[in-house]
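Residue-level structural notes
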Amino acid sequence: MAKHKTPMLDELEKGRWPSFVSDIKQEAENRGKTSVELHAPKEACDDLLGLLELTYKDKVVHWKHGGIVGVFGYGGGVIGRYCDQPDQFPGVRDFHTMRVNQPSSKFYSTEFLRQLCDLWERRGSGLTNMHGSTGDIILLGTTTPQLEEIFWELTHDLNQDLGGSGSNLRTPSDCIGMARCEYACYDTMALCYDLTMEYQDELHRPAFPYKFKFKFDGCPNGCVASIARADMSVIGTWRDDIRIDQGAVREYVGGEFKPNAGAHSGRDWGTFDIQKEVIGLCPTQCMEWDGKKLKIDNKECTRCMHCINVMPRALRIGQDTGASILFGAKAPILEGAQMSTLTVPFMKIEEPYDELKDLIEKVWDFWSEEGKNRERLGEMIQRVGFQKFLEVLEIEPDPRMIQEPRSNPYIFWKEEDVPGGWDRDIKEFRKKHQR
Amino acid sequence: MGYDPKDPLKDRITDIGPRNYEEFLPPVIKENYGKWLYHDILEPGVLMHVSETGAKVYTVRVGGCRLMSVTHIREICEIADKHCGGYLRFTTRNNIEFMVDDESKLKPLMEDLEKREFAGGSKKFPRGGTGAGLTNVVHTQGWIHCHTPAIDASGVVKCVMDELYDDFQNMRFPAQVRISLACCLNMCGAVHCSDIAILGIHRKPPMLDHEHLDNMCEIPLAIAACPTGAIKPATVDGKKTVAVKNERCMFCGNCYTMCPSMPLADEEGSGVALLVGGKISNRISEPKFSKVVVPFLPNEPPRWDSTVEAIKKILYAYVEDANKYERLGDWAERIGWERFFEKTGLPFTEHLIDDYRFAYTTWRQSTQFKF
Ligand code: SF4
Ligand code: SF4
Ligand code: SF4
Ligand code: SF4
């Protein structure tokens, strides 16, 4: 028997899409009858359902603001949460979240997941997010005394650490990359792991003005959305020519291969028309097809990926690969949304990644010095100017960094830009120019 | 052994980081790492990747709830043990991927996934989310766990996906469509570059708990948190507190983040805004932000009917009208926003004209419009 009546939530058990309500109910039931010794409230799931039902009625959330909890020595990784109806729902009186650092690209062995489940059944609510928006495994709902216990078991028994929260480096995340994608221009998984390990201190001890996110996309398709949601976006690319298998191109034209790997097969779009669907849609118009041979003027190609996506069997990314590095993306809070700005058009991405780490540390030094409290990197770059940012990073300006040159001529010339400097003698001036 | 509260620092281990991903790669992935040549989508939700070694990996992608129980995860593990040698992965958009290294293992896996249902009748593992169709909705915490949400997350997503279920399992769209949800302007989910974004917004300025404000909050922090400078110090009944210039408030909730004595969520005031036309990829056109096309819809638990209805209107107008490979935002720009509102049937109101910083860059400064 369910502890609370949940007529509104029950509506969310209907329909075909997996129902989180059904899932929480099954967990509630299992918790009721398990023989495992539970260290967090047995009725956590029941009371969460009850609380959520109440929220559905009131239409205003019933979690209190914040709550400072954590594990010793870490400034991040735990989000405190208290319910504002503790007497009605004691099982979720305190319901803190732990962020656990996910493995690169979110591959798992069932052995590890089971260990995690066992731990979370015993010491938490038995509910998780797989995964949170930043990428972490989210263990949803436990009490304050359990936090250190969980951390102990995670580190000692699971060889696994917490992720980040607060004004620090957030848990880095990456696309699937070379594990299963032919478009990967560098090893996103290896880089993500390496930087996560290198910057453990920054991840766990808030020392920045605000949060800082790295995300690693293997190519301009951008499967982890780094350009929109990372303070530093590393996006794979290449400098040489797209590799063409002319025979395979003809097979696409002949209809032997389905365009776009079969992505459009749910509807009849007519026969594949390379002229219209590839040549005509190339944003730089740098391709030609004479009926037999595909030509690409690679110097004019901006590597948008379209032709490669349409004909993955015939076209491959180049071989001189690396990444473009962009800085400053963020969601609207506070100054409005920003995408990352191209700062380093190309960098080789190879172990031990010294060049990249050097760049990261220069950015952090500058931001830590200049950034205001709760000012994201992108906002600071806007405030101090992109030129200043480049100057600090010792990067030469390049037309690749801009959409178009400035249209206002309000140039902040520096004194050293102007011959003779700014100091002039008004008396000398008056000799030639009467008042 | 284990944690000792009396001696909390004894044998403490810190900063060990995540487990090394190499421990978790299925053998076929490990052996062909970086050697993949091409891929094909065999049918919705089923991918085949071919390596230069000749090896193939078959992936079955199924939609998952971001919120899942350990019981559910154990069931996922049971499937992966039975069919996939004990490995699996999750995608950025909360799908689950089961991989097998031989075509003969595909059918039994698919059949096994297909038949599993929750007690309430919903599918546990709907297959789909590939190609020119709809994939899983990424979303934030909502009423399940956060303190600033204007809307629920998991519930809204459930209702939207129930309605669009067939399009998760099909690939009949002009291009892929990414729907995302964030329950407040903080946008943990970064929905601002999605084809369709569901966003929770507040419409009432913060209430002021003068009685407790000074004890609960650092007043200067609350004042500094406001991006529009709407908050100033005040004294009420001899207590130090703040005052809010209501007409300057844009309901961002920053003050509440800094100060729990300034809540702004409200039964009537908070609800849903819809944004469209954003994208992340560099494919053909550049990445772009989503634009607000529905300024407000009320919170309507449990089935969120108006939100679901508006999303269907937008989505199906696009699906009917757009060219092959054209993303929703590219379509809207090609036909023009005046046509977008005509074709979707959404009303255009004053709230859709920008009045924030740099607003004028979004006003029309030409006579090139359509009648
Ligand atoms: S970003 Fe590029 S390399 Fe990474 S998974 Fe997506 S398509 Fe593949
Ligand atoms: S990658 Fe894009 S720009 Fe380059 S040739 Fe292909 S379609 Fe044209
Ligand atoms: S989007 Fe806002 S309300 Fe939702 S989880 Fe993030 S901070 Fe909380
Ligand atoms: S909600 Fe935002 S704009 Fe309104 S008073 Fe608070 S901080 Fe200022």
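Notes on the structure follow. (Residues numbered from 1 in each chain as written. Chains lettered and ligands numbered in written order. Predicted model: local features only at pLDDT ≥ 70, side-chain atom pairs only at ≥ 80, totals over all residues. Heavy atoms only, no water.)

1. Focus on a nonpolar patch on the surface
Residues and elements named next belong to chain B.
- Taken together, Phe348, Ile353, Phe358, Tyr360 and Trp363 make up a surface patch of nonpolar side chains, about 590 Å² in accessible area.
- Along the chain, phenylalanine 358 turns up in the segment after helix H11 (337-344).
- Accessibility expressed as a relative area gives 58% for phenylalanine 358, which makes it exposed. (Patch = residues over 30% accessible without salt bridge, like charges linked within 9 Å, V, L, I, M, F, W, Y side chains within 5 Å. Areas by Shrake-Rupley, 256 points an atom, 1.4 Å probe, with all protein chains shown as cover. Salt bridge = Lys/Arg side-chain N within 4 Å of Asp/Glu carboxyl O. Helix = DSSP H or I, 4+ residues; strand = E, 2+ residues; numbered from the N terminus. Buried < 20%, exposed > 50% of the residue type's maximum accessible area, 1.4 Å probe, protein only.)

2. Observations regarding the site of ligand 2
- Close to ligand 2 lie 13 residues; Cys282, Cys301, Cys304, Met305 and Cys307 of chain A are nearest.
- Along the lines of polarity and charge, the residues of the shell around ligand 2 split into nine nonpolar, three polar and one charged. (Near = heavy atom within 4 Å. Nonpolar A, V, L, I, M, F, W, Y, C, P; charged D, E, K, R; others polar.)

3. Some remarks on the site of ligand 3
- Close to ligand 3 lie Thr140, Gln141, Cys146, Thr148, Pro149, Cys183, Cys184, Asn186, Met187 and Cys188 of chain B.
- Along the lines of polarity and charge, the residues of the shell around ligand 3 split into six nonpolar, four polar and no charged.

4. Some thoughts on the interface of chain B and chain A
- Each partner contributes residues to the interface: chain B has 137 residues there, and chain A has 134 residues.
- Taken together, both faces of the contact between chain B and chain A bury some 12,300 Å²; the carbon and sulfur share is 59%.
- A salt bridge links arginine 74 of chain B to glutamate 121 of chain A; the shortest N-O distance between them is 2.8 Å.
- There are 74 residue pairs in polar contact (both at pLDDT 80 or more) connecting chain B and chain A.
- No other element matches helix H2 (residues 70-83) of chain B, which puts nine residues into the side of chain B that touches chain A. (Contact = heavy atoms within 4.5 Å. Buried area = accessible area lost by both parts, 1.4 Å probe. Polar contact = N/O pair within 3.5 Å; in protein donor to acceptor, adjacent residues only side chain to side chain.)

5. A few points about unusual backbone geometry
Residue and element names in this part refer to chain A.
- For the peptide bond that leads from glutamate 351 to proline 352, omega is 0°, which places it in the cis range.
- Note that proline 352 resides in the loop between strand S14 (341-347) and helix H12 (354-370).
- Phi at lysine 59 takes a positive value of approximately 60°, unusual for a residue other than glycine.
- With a phi angle near 85°, methionine 305 is a residue other than glycine that sits in the positive phi range.
- Within the fold, methionine 305 resides in the loop between strand S11 (294-296) and helix H11 (306-310).

6. A few points about the sheet that holds strand S11 (residues 271-276) of chain B
All names here are of chain B.
- Ordered by their spatial adjacency, four strands build an open sheet running S7-S8-S11-S12, and the pairing between neighbours is mixed. The sheet is open, and its two edges are formed by strand S7 (179-182) and strand S12 (291-298), each paired on a single side. Direction aside, neighbouring strands of the sheet carry axes that sit 20° apart on average.
- Alignment of strand S8 (residues 196-201) against S11, held across six bridges, turns out to be antiparallel. In the strand pairing of S11, isoleucine 196 is matched with valine 276.
- Where helix H9 (residues 305-321) meets the sheet, its contacts fall on S7, S8, S11 and S12, and the angle it forms with S11 comes to roughly 10°. (Pairing = 2+ DSSP bridges. Axes fitted to C-alpha atoms, helices over the stretch in contact; angles between N-to-C directions.)

7. Details of the pattern of salt bridges
- Summed over all chains, the structure comprises 57 salt bridges over all chains.
- One salt-bridge network, held together by shared partners, links Glu75, Glu78, Lys82, Asp112, Lys115, Arg116 and Lys124 of chain B.

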